Amino acid sequence: MAQEIIFANGEYSELTNYIRKNGFKKIFLVCGKSMYSLPIGEYFTSLSYNAGIKIVYFSSFEVNPSYESVKEGIKIFKEENCDVIFAVGGGSAIDVAKCIKLYSNMDSKVNYLLQTIVSNKIKLLVIPTTAGSGSEATRFAVIYYNGEKQSVANDSCLPSAVVMDASALKTLPLYQRKSTMMDAFCHAVESFWSVNSTDKSRQYSRKAIKMIISNIDGYMANRHESNIGMLNAANLAGKAINISQTTAGHAMCYKLSSLYKIAHGHAAALCLRKLWPYMITNINKCTDLRGEEYLSGIFMEIAAAMGCNSAMEGAIEFEHIFNKLGLDIPEFNNEYYIILKTSVNHVRLKNNPIALTEDAIGMLYQQILRKEN
């Protein structure tokens, strides 16, 4: 499905034109509470007053959104008889909106997760307020059922339109700015070396890496043009993982994030900075059917996209960027360590081009968690 990309100006006239073109009268708006302090929040308020467009707001979801929240959203969406779904926010808001869209025409008396997906023509427009998750460009969503993570994957999840709004990044807290950027960086790198990569996904990854590297300084200084650049980079990285999916870095980061109460992108970068050099030095454990020579070339292509002259230089530069951002390295905890070793998502490990044993994973977690002298 072709996805429409809308670049927002100060008055959101392009978004207004999109709404008028499609004849929307009642918008179901999934949004985080931070939206109300952003220019886009003011826009929706004025849209309701000045254009006669009814806005039904839905913010009853968690950072790790639950199945129950999605059910509640579907109930309200149907009761209000809305004709389109919008989402404003980070990955959580977008994932909730995706699932509301996905399940809205299915039997509410049966667990949605157990039903066969029936596609629908409900339009979904998303406005990401972080440059990181890339959720606006993927067919994936994550919700939690009885506390357990559920990965949803269906083409119907892919938003029909995306609004690129750099003003949404202007007030992004510094820690979130850093962690979401590193999430996009990890997406681009992991997609590049995934066993599922294609020429197209690697093209997206290469562009995303180059854009991240060229915009880091300006983005951290909160410059408008670099905010636009980072939004585009995150979108490209999302397009890449939509094809290839993520690999061991993400497989290892989820439990790390929940145990140490750190942001997802922070945890992903913690893992990748130690996984990357390990993979380069263990090329003989290659599982990609395209072979060791191919994978060596991929490591070199990633480094070249970063402006580096060797595969290992690329891995070292990634850790240098991580350190420069000043992101914390959690202290080693033996109780957590035992949990981490046995919690890795083996589906994502299958996408990794280097085989990882339980011993190797344990060794990597020791490196990830212990501060080096």
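Bear in mind that the values here come from a model prediction, so they are computed numbers and not experimental data.

Observations regarding helix H14 (residues 358–369)
For step 1, the next point in the chain: Its twelve residues place the ends of H14 17 Å apart at the C-alpha level, agreeing with the 16 Å of an ideal helix rising 1.5 Å per residue.
For step 2, the next point in the chain: Burial in H14 covers these residues: Ala-360, Ile-361, Gly-362, Leu-364, Tyr-365, Ile-368 and Leu-369.
For step 3, the next point in the chain: Lining the buried residues of H14 we find helix H8 (248–260), helix H9 (264–281), helix H12 (334–341) and helix H13 (346–350).

Thoughts on the nonpolar core
For step 1, the next point in the chain: Among the nonpolar cores identified, the biggest contains 106 residues, and Phe-28, Val-30, Ile-100, Met-182, Trp-193 and Trp-276 are the most heavily contacted of them.
For step 2, the next point in the chain: Ranked by the residues each element gives to this core, the list is headed by H9, at eleven residues.
For step 3, the next point in the chain: For Phe-28, the residues in contact, after removing those within four places along its chain, are Val-56, Phe-58, Gly-73, Ile-76, Phe-77, Cys-82, Val-84, Ile-85, Phe-86 and Ile-100.
For step 4, the next point in the chain: With 25 residues, the next largest nonpolar core counts Leu-15, Ile-19, Phe-86 and Ala-161 among its residues.

Side note on the sheet that holds strand S8 (residues 161–164)
For step 1, the next point in the chain: What the six strands build is an open sheet, ordered S1-S8-S5-S4-S2-S3; its pairing is parallel. Looking at strand neighbours, the two that pair on one side only are strand S1 (4–7) and strand S3 (54–58), the edges of this open sheet. Neighbour-to-neighbour, the strand axes of the sheet open up by a mean angle of 20°, direction not taken into account.
For step 2, the next point in the chain: Across two bridges, the pairing between strand S5 (residues 124–128) and S8 is parallel. Bridged to Val-126 within S8 is Val-162.
For step 3, the next point in the chain: The strands touched by helix H1 (residues 13–22) are S1, strand S2 (26–31), strand S4 (84–89), S5 and S8; relative to S1, the strand with the most contacts, the crossing angle is about 140°.
For step 4, the next point in the chain: Relative to S4, helix H4 (residues 91–103) is tilted by about 165°, and along the sheet it contacts S2, S3, S4 and S5.

Notes on the packing of aromatic side chains
For step 1, the next point in the chain: For the structure shown, the criterion picks out 17 aromatic pairs.
For step 2, the next point in the chain: Judged by centre distance (5.3 Å) and plane angle (65°), the rings of Tyr-43 and Phe-44 are edge-to-face. Phe-44 matches Tyr-43 in its accessibility class, with the two residues each being buried.
For step 3, the next point in the chain: An aromatic cluster is present here, built from Tyr-12, Tyr-18, Phe-24, Tyr-43, Phe-44 and Phe-86 joined pairwise through their rings.
For step 4, the next point in the chain: Between Arg-273 and the ring centre of Phe-322, over which it is positioned, the NZ or CZ distance is 5.2 Å.
For step 5, the next point in the chain: Over the ring of Phe-332 we find Arg-370, and its NZ or CZ is 4.4 Å from the ring centre.

Quick notes on the environment of Ala-251
For step 1, the next point in the chain: Here Ala-251 lies in helix H8.
For step 2, the next point in the chain: Among the residues examined, Ala-251 registers a relative accessible area of 4% and is labelled buried.
For step 3, the next point in the chain: Apart from residues no more than four positions distant in its own chain, Ala-251 is found in contact with Val-344, Asn-345, Arg-348 and Leu-349.

Focus: the layout of surface pockets
For step 1, the next point in the chain: Of the voids in this model, the second largest pocket is the one considered here, and its volume is about 180 Å³.
For step 2, the next point in the chain: Forming the walls of the second largest pocket are Ile-213, Ser-214, Asn-215, Ile-216, Asp-217, Met-220, Glu-317, His-320, Ile-321, Lys-324 and Leu-325.
For step 3, the next point in the chain: The element contributing the most residues to the lining of the second largest pocket is helix H6 (residues 199–220), with six residues.
For step 4, the next point in the chain: Residues that form the lining of the second largest pocket fall into these classes: five nonpolar, three polar and three charged.

Thoughts on the pattern of salt bridges
For step 1, the next point in the chain: Scanning all chains against the criterion turns up nine salt bridges.
For step 2, the next point in the chain: Between Arg-273 and Glu-319 there is a salt bridge; the shortest N-O distance is 3.3 Å. Highlighted residues: Arg-273 in helix H9 and Glu-319 in helix H11 (residues 311–325), separated in sequence by 46 residues.
For step 3, the next point in the chain: With a relative accessible area of 18%, Glu-319 lands in the buried category.
For step 4, the next point in the chain: Taken together, the shared-partner salt bridges in this structure form one network comprising Arg-273, Lys-274 and Glu-319.

Basis of the calculations
- Residues numbered from 1 in each chain as written.
- Predicted model: local features only at pLDDT ≥ 70, side-chain atom pairs only at ≥ 80, totals over all residues.
- Heavy atoms only, no water.
- Helix = DSSP H or I, 4+ residues; strand = E, 2+ residues; numbered from the N terminus.
- Expected span 1.5 Å × (residues − 1).
- Buried < 20%, exposed > 50% of the residue type's maximum accessible area, 1.4 Å probe, protein only.
- Contact = heavy atoms within 4.5 Å.
- Core = buried A, V, L, I, M, F, W, Y, C linked by side-chain atoms within 4.5 Å.
- Pairing = 2+ DSSP bridges.
- Axes fitted to C-alpha atoms, helices over the stretch in contact; angles between N-to-C directions.
- Phe/Tyr/Trp six-rings, centres within 6.5 Å; stacked < 30°, edge-to-face > 60°.
- Lys NZ or Arg CZ within 6 Å of the ring centre and 35° of its normal.
- 1 Å grid on protein atoms, 1.4 Å probe; cavity = no way out; pocket = protein on both sides within 12 Å on 5 of 7 lines; lining within 4 Å.
- Points joined across faces, edges and corners; volume = space filled by probe spheres on them.
- Nonpolar A, V, L, I, M, F, W, Y, C, P; charged D, E, K, R; others polar.
- Salt bridge = Lys/Arg side-chain N within 4 Å of Asp/Glu carboxyl O.

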